Number of protein chains: 4
Amino acid sequence: MATTITILGATGYTALELIKILLRHPNTEITALTSREDTRSVELVHPSLSGRLNLSLENLSPKEIAAQSECVFSCLPHIASAKIVPELLSYGTRVIDLSADYRLSAADIFETWYAEKHPDPDRLGKVPYGLPELFRDQIVKTNLVANPGCYPTSAILPLVPLIKTGMIEPEDIIIDSKSGISGAGRKPKLTTLYPECNENISAYNIGTHRHTPEIEQIITAASGKKTTVLFTPHLTPMDRGILSTIYSKPIQPVTTNELLEILRDFYRDEPFVKIVEHLPSTKDVSGTNFVHITVRVVGNKVITVSAIDNLIKGASGAAVQNFNLMFNYLETTALI
Amino acid sequence: MATTITILGATGYTALELIKILLRHPNTEITALTSREDTRSVELVHPSLSGRLNLSLENLSPKEIAAQSECVFSCLPHIASAKIVPELLSYGTRVIDLSADYRLSAADIFETWYAEKHPDPDRLGKVPYGLPELFRDQIVKTNLVANPGCYPTSAILPLVPLIKTGMIEPEDIIIDSKSGISGAGRKPKLTTLYPECNENISAYNIGTHRHTPEIEQIITAASGKKTTVLFTPHLTPMDRGILSTIYSKPIQPVTTNELLEILRDFYRDEPFVKIVEHLPSTKDVSGTNFVHITVRVVGNKVITVSAIDNLIKGASGAAVQNFNLMFNYLETTALI
Amino acid sequence: MATTITILGATGYTALELIKILLRHPNTEITALTSREDTRSVELVHPSLSGRLNLSLENLSPKEIAAQSECVFSCLPHIASAKIVPELLSYGTRVIDLSADYRLSAADIFETWYAEKHPDPDRLGKVPYGLPELFRDQIVKTNLVANPGCYPTSAILPLVPLIKTGMIEPEDIIIDSKSGISGAGRKPKLTTLYPECNENISAYNIGTHRHTPEIEQIITAASGKKTTVLFTPHLTPMDRGILSTIYSKPIQPVTTNELLEILRDFYRDEPFVKIVEHLPSTKDVSGTNFVHITVRVVGNKVITVSAIDNLIKGASGAAVQNFNLMFNYLETTALI
Amino acid sequence: MATTITILGATGYTALELIKILLRHPNTEITALTSREDTRSVELVHPSLSGRLNLSLENLSPKEIAAQSECVFSCLPHIASAKIVPELLSYGTRVIDLSADYRLSAADIFETWYAEKHPDPDRLGKVPYGLPELFRDQIVKTNLVANPGCYPTSAILPLVPLIKTGMIEPEDIIIDSKSGISGAGRKPKLTTLYPECNENISAYNIGTHRHTPEIEQIITAASGKKTTVLFTPHLTPMDRGILSTIYSKPIQPVTTNELLEILRDFYRDEPFVKIVEHLPSTKDVSGTNFVHITVRVVGNKVITVSAIDNLIKGASGAAVQNFNLMFNYLETTALI
């Protein structure tokens, strides 16, 4: 018996990636795909699905969605997602929200960074943050999970073990991240046009990117000390991948090998986190749910480097990992 | 004394390339840049010009344009260009038209392929086709030149010498062209978004591309025999460059070396056409006004291969080459 | 009970792709990886396998290989493969040969194109050509299969149905193919260095590429008439993918829709061949074992266009498809 | 009367770029190109020069070189350059050394980082560092200039004005740089093969890159205080360009606008340094000798971002800028 699934907002890259993963999943059936504007066959919207999925996009009400799906993956934009999630939950449908709507624990922080009123403020702070490596216990029993942002996943996974074990200062952390262009979505914009991005690298949103509070919230929780980070994202001429080069300070003198050992211990049983000795490459994790992490001590600095596929471990792969946990399937199903 | 220049439609890639070339030209002064919608500083529209050109885009009437420019380069879309050119000419301003409006010699052919009425049909057939290598005599004395399409330049230059010397059949020619994405313009579209084009090659507009009649017109004139060609353009994941692989048939048995020699003879004094023995690469001509051409005889086929930079020899470089001829400057000025 | 597998020549891209597919296969166990020179852990040779496969490369004799593997995939270069295959077969090990050694049916043709003596000439002509869509009956019962070349797969699949049904002339076919750089292998060479290939497209080996006789052999068999083709490969700036634009002539007047219908009929039950109406893109099949094919009639020409991933359907995916057939697993296992 | 020029080590990317710039220079004549191994026509070594430069590479002695060149550009590797420079200087030939040999002011530092004895240690400390924006006075009267490294140029230009004016601490500076692949040279290596670099970003040589002491030397001189920097280079999937994102600390509270004003003042008369308000892109300076620099104050950090073309302002363009100064030509000749 397959779990029935609807994907909301099925025109974009995360939805496409999600569909591809679910088509490999032996225990799921995609019953509906929604879009508010596009009602074409999914094969026309995503030609890579030609002959693989016989569904058209539909503009469905929450009730219609709930009637045909035990689980909903929301690939809607922020705000739009939180406008529909409460009703879906009320029908007993479980939801994996890939938007930013339920990641932050307080409405005021959300409103500061997103400059809009939150449609469902009371639920904030009660929704597990969908990083199984840190919050598996909460995820297995939730009916709603906030799937993490792509950049936060790449920053939190290397930092938390070193902060929790008291190896690095939670203050004064600099996160210099480089992302492929797919992270900017599928809506045509001058800034993501091929001839603008190709043969080009540039920083954007220095100090103002909306993933900043998400990282700070988890770092603050791990350190028990309110902290801010400096986050500098860059657009890199490639489809996929995030490489985060993260600069922090050791609390006391420490070696590269000691920190590698701490990371290995922390993630020893994790199927998707690989602590490597070499410097990670985004290509090595491209198309996979794996995270590669390493660390170096240079002078008075600790540099951690992590690589993920922004659309998989940074979005749709993590979403299926959460789904597997919530529905009691083997965590790695469809993800190896 | 510099020649004063206005560029119409200054927001796109061909205009940017034109500005960069003209900034290196010792005998020109750009006096105005037009746009119907954008009135920002050109440095904001094209940040690569930061600190290099202190002009804002303006929405100017033909009269205002003519008042400050001896020469106008039109980077407007087709139809839009022919709507303004006649008035500009009436004021004595000379025009280099980078649009398709004056390339075809008959209004009916134009209207078949462009599906619109031509705004200035009487002038068609009287405007030189701006390929100096073939029509230099007409260009030097014209007040309006039709700058060729990028694909036609890449196809016509290798074909015409072999047709004129009776080496290949003018019939049954197949032109398989591969173009960089900048050829599709700077207007945001799903089809030219980075994640759609990168790591991807595909054919488009097979048998229906609007550059087809332009090629056929010149081939027909060269052979004296009405001919059609099969033209298949492809979008290639690179910024710039067109590689055309062209299949034709020898009229009588001939060798690769004989055809190379005919091409060398034909273009012996041309500063921008290089007949090479190796197979051309778009990268070798990228950022230049050069054309690399070679030829191979294989079985009963003649294969010519040409490489150009679509924005330079395929657009703005050719435009300046025409400008140099029209205004009696050294033909290679600003182009080496 | 898993089928035990050894991969010969495990340092290259096809071996890496093969390992990744087999790690998803529920019925296989990789027991050994060979290399004549490299004895490092496979994680160091292919860092994308970090923490996923605990094997080192070994220089093993055929006897040692046979002792631990029911099936051998050979990713060795041509000649090297045929030097070891006979002994492996003699021990009862079944072999999927990804080299060119057993694809051609006659030693003299092999020697003409590969300029070397064939080490195992007597077996030529008796080994099934590993395109399941055409030769499934032979593959299921063989102990050795010749996995097709990447370009031939992209050319044969669209052509054979149209030839067999008498729709197109088997003569005078032009195959203009565009391949990603991974097809050139992992050995460092100037021609495949990043700054030489990026932002560049060029033709190579016009009329002399070794995949030519492989295509001709299958086309000849399909038409019953000895034929040659003109094959022009191009290096395209992308990792993966082959797009083949193929020009042929209809035997009698025919429409695009009629030809689409013939293709659909021919491949109706094939899990990996998708006949599409739009023009195929390599990206749509990237990372998959699918083939997208379409056809257009323009004037007196039939143009078929196909897209594959050169490393999957063009190499390692096809190899696993053959493996599944030979070992009686579901044909699509590990390939969806 | 043109200045006669020989280029040593003419097979690589910096030599090619140098030749292209010099072909546009009205006052130079390239009389010889050297290579120890390659004696082919330069058109075969660099096909982009087809029909543009009729010279073959030669293995020449210093005496032969000096006999035909008033100026030598050395594109030799480190050590190799310093082995030949003294003899060239002894004949009165002036030298622009693009290698690292004369950049550091002390032999012991050189030997620590390059792990070899310096062949000409006595000259160290007396050779001007070829950044005209900082050392023009020394450059105009030298017979030997040490052309800066590409990364150092991108880091020093934004940092020095802020250090000299007491705006930022010279301590604890983090330089996170992203470079195109051409920076790694033209010698075939696995790490710069197309399929290894494309769709990939990774850090390399963290804390150990040889450009580190070069940056530290100039920062130390500017601050009057011995300092170290943390330098993290990254390989980015593009041909050209370096983007450096540099993290430092303000000495006292300061605003973004104040720092922008300081930078504008410092470089007001510099033809190639553009202080911009937007975040720089490598593409905006690609193929040019321009540097784009901006600055942001975020929390307790100052972030400067700079973009250069690593082969032009980071190598051959700077070399010609130095040449123009040394030979009393207009500094911008051939560089606009």
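Residues numbered from 1 in each chain as written. Chains lettered and ligands numbered in written order. Predicted model: local features only at pLDDT ≥ 70, side-chain atom pairs only at ≥ 80, totals over all residues.

### Notes on the overall build of chain A
Step number 1: Check the secondary structure of chain A and you find twelve helices and 13 strands.
Step number 2: Compactness check: chain A gives a C-alpha radius of gyration of 19 Å against a globular reference of 20 Å for 336 residues, within 12% of the reference.
Step number 3: For chain A, the spread of C-alpha atoms along the three principal axes comes to 60 × 45 × 40 Å.
Step number 4: Residue burial in chain A is summarised as follows: out of 336 residues, 57% are buried.
Step number 5: Partitioning the intrachain contacts of chain A with sequence separation of at least 6 by distance along the chain shows that 68% fall at a separation of at least 24. (Helix = DSSP H or I, 4+ residues; strand = E, 2+ residues; numbered from the N terminus. Rg over C-alpha atoms; globule rule 2.2 N^0.38 Å. Buried ≥ 20, exposed ≤ 12 C-beta atoms within 10 Å, placed from the backbone. Contact = placed C-beta atoms within 7 Å.)

### Regarding the nonpolar core
Step number 1: Membership of the largest hydrophobic core comes to 408 residues, with the highest contact counts inside it found for I7(A), F73(A), I7(B), F73(B), I7(C), I7(D) and F73(D).
Step number 2: For F73(B), the contacting residues outside a window of four places in its chain are I5(B), I7(B), L8(B), L18(B), I96(B), L98(B) and A319(B). (Core = buried A, V, L, I, M, F, W, Y, C linked by C-beta atoms within 7 Å.)

### A closer look at the relation of the copies chain A and chain D
Step number 1: Overlaying chain A with chain D gives an RMSD of 0.0 Å, the required rotation being 180° about an axis along which the chain moves by 0.0 Å. When the rotation and shift are considered jointly, the pair of chain copies conforms to a two-fold rotation axis. Within chain A, the C-alpha atom positioned nearest to the axis of rotation is that of P237(A), 3.2 Å from it. (Least-squares fit on C-alpha atoms with pLDDT ≥ 70 in both.)

### Regarding the interface of chain A and chain D
Step number 1: Across the contact, 34 residues belong to chain A and 35 residues belong to chain D.
Step number 2: Listing elements by their share of the side of chain A that touches chain D, those giving two or more residues are β7 (173-179), β8 (202-203), β9 (229-235), β10 (242-248), α11 (282-285), β12 (291-298) and β13 (301-308) of chain A.

### Some points on the domain arrangement of chain A
Residues and elements named next belong to chain A.
Step number 1: We note that the domain assignment places domain 1 (3-127) and domain 2 (150-310) within chain A.
Step number 2: Counting residues at the interface gives ten residues for domain 1, matched by seven residues for domain 2.
Step number 3: Looking at the side of domain 1 that touches domain 2, its residues break down into six nonpolar, three polar and one charged. (Domains from an automatic or database assignment. Nonpolar A, V, L, I, M, F, W, Y, C, P; charged D, E, K, R; others polar.)

### Things to note about the sheet that holds strand β1 (residues 3-8) of chain B
All names here are of chain B.
Step number 1: Spatially, β3-β2-β1-β4-β5-β6 is the arrangement adopted by the six strands of the open sheet, whose pairing is parallel. The open sheet has two free edges, formed respectively by β3 (57-58) and β6 (144-146), since each of these has just one partner strand.
Step number 2: In this fold helix α1 (residues 13-23) packs onto β1, β2 (28-34) and β4 (71-74), with an angle of close to 165° to the strand it touches most, β1.
Step number 3: Strands β4, β5 (94-97) and β6 of the sheet are contacted by helix α12 (residues 312-326), whose axis makes an angle of about 155° with β5. (Pairing = 2+ DSSP bridges. Axes fitted to C-alpha atoms, helices over the stretch in contact; angles between N-to-C directions.)

### Side note on the relation of the copies chain B and chain C
Here the two chain copies are tied together by a rotation about an axis and a shift along that axis.
Step number 1: Superposing chain B onto chain C requires a rotation of 180° together with a translation of 0.0 Å along the rotation axis, leaving an RMSD of 0.0 Å.
Step number 2: Most of the interface of chain B is mirrored in chain C, where 100% of its interface residues again form contacts.

### Description of the interface of chain B and chain C
Step number 1: Facing the 34 residues of chain B at the interface are 35 residues of chain C.
Step number 2: For the side of chain B that touches chain C, the secondary structure elements donating two or more residues are β7 (173-179), β8 (202-203), β9 (229-235), β10 (242-248), α11 (282-285), β12 (291-298) and β13 (301-308) of chain B.

### Observations concerning the environment of L16(C)
Residues and elements named next belong to chain C.
Step number 1: Take L16: it is sitting in helix α1 (residues 13-23).
Step number 2: Under the C-beta neighbour-count criterion, L16 is labelled buried, with 22 such atoms within 10 Å.
Step number 3: Separated by 73 residues in the primary sequence, L16 and L89 place their C-alpha atoms 24 Å from one another.

### Things to note about the pairing of β12(B)
Residue and element names in this part refer to chain B.
Step number 1: Across three bridges, strand β11 (residues 273-275) lies against β12 in parallel orientation. Paired with I275 across the strands is I293, a residue of β12.
Step number 2: Summarising the sheet, β12 and β13 pair through seven bridges and their orientation is antiparallel. In the strand pairing of β13, V297 is matched with V302.

### Considerations on the sheet that holds strand β3 (residues 57-58) of chain A
Residue and element names in this part refer to chain A.
Step number 1: Read across the sheet, six strands follow the order β3-β2-β1-β4-β5-β6 without closing on themselves; strand pairing throughout is parallel. The open sheet terminates on both sides in strands that have one partner only, identified here as β3 and β6 (144-146).
Step number 2: Pairing of strand β2 (residues 28-34) with β3, which is carried by two bridges, proceeds in the parallel orientation. Bridged to L33 within β3 is L57.
Step number 3: In the packing of helix α4 (residues 80-90) onto the sheet, contacts are made with β4 (71-74), β5 (94-97) and β6, and the angle to β5 comes to roughly 160°.

### Considering the packing of helix α1 (residues 13-23) of chain D against helix α12 (residues 312-326) of chain D
All names here are of chain D.
Step number 1: At their nearest, the axes of α1 and α12 sit 9 Å apart, and the two run at 45° to each other. The pairing of α1 with α12 is recorded here as oblique in orientation. Pair α1 / α12 crosses with right-handed handedness. Along the contact surface, α1 presents T14, E17, L18, I21 and L22, while α12 presents I312, A315, S316, G317, A319 and V320.
Step number 2: Split by residue class, the contact of α1 with α12 holds seven nonpolar, three polar and one charged. (Parallel < 35°, antiparallel > 145°, perpendicular 65-115°, else oblique. Left-handed = near helix turned anticlockwise from the far one by under 90°.)

### Quick word on helix α9 (residues 212-223) of chain C
Residues and elements named next belong to chain C.
Step number 1: Over its twelve residues, α9 extends 16 Å from the first C-alpha to the last, a length consistent with the 16 Å expected when each residue adds 1.5 Å.
Step number 2: Three or more residues of α9 are buried, namely T212, P213, E214, I215, E216, Q217, I218 and I219.
Step number 3: Contacts made by the buried residues of α9 are with α5 (107-114), α7 (150-164), β7 (173-179) and β9 (229-235).
Step number 4: Where α9 terminates, the next one or two residues include G224, which has phi positive at roughly 70°. (Expected span 1.5 Å × (residues − 1).)

### Digging into the packing of helix α6 (residues 132-139) of chain A against helix α12 (residues 312-326) of chain A
All names here are of chain A.
Step number 1: Running from N to C, α6 and α12 cross one another at 35°; their axes reach a closest spacing of 10 Å. The element α6 and its partner α12 pack so that their crossing is right-handed. Of α12, the residues touching α6 (which contributes P132, R136 and I139) are Q321, N322, L325 and M326.

### So, the confidence of the model for chain A
In low-pLDDT regions, the fine details of the predicted coordinates are not to be read closely.
Step number 1: Summarising the model, chain A shows a mean pLDDT of 97, and 100% of its residues fall at 70 or more.
Step number 2: Across the assembled chains, the prediction reports ipTM 0.97 with pTM 0.98. (pLDDT = per-residue confidence, 0-100.)

### As for the pairing of β10(B)
Residues and elements named next belong to chain B.
Step number 1: Most of β10 is tucked away, with seven of its seven residues classed as buried.
Step number 2: Both faces of β10 are covered, namely the face carrying I242, S244, I246 and S248 and the face carrying L243, T245 and Y247.
Step number 3: Note: β7 against β10, six bridges, orientation antiparallel. Across the sheet, residue D176 finds its bridge partner in β10, namely T245.
Step number 4: The pairing of β10 with β13 spans seven bridges and is classified as antiparallel. Opposite T245, over in β13, you have V305 as the bridge partner.

### A closer look at the environment of F290(D)
Residue and element names in this part refer to chain D.
Step number 1: Position of F290 among the secondary structure elements: in the loop between α11 (282-285) and β12 (291-298).
Step number 2: For F290 and P271, which are 19 residues apart along the polypeptide, the C-alpha to C-alpha distance reads 8.1 Å.
Step number 3: Apart from the residues within four sequence positions on either side, F290 is in contact with F272, K274, V285 and K313.

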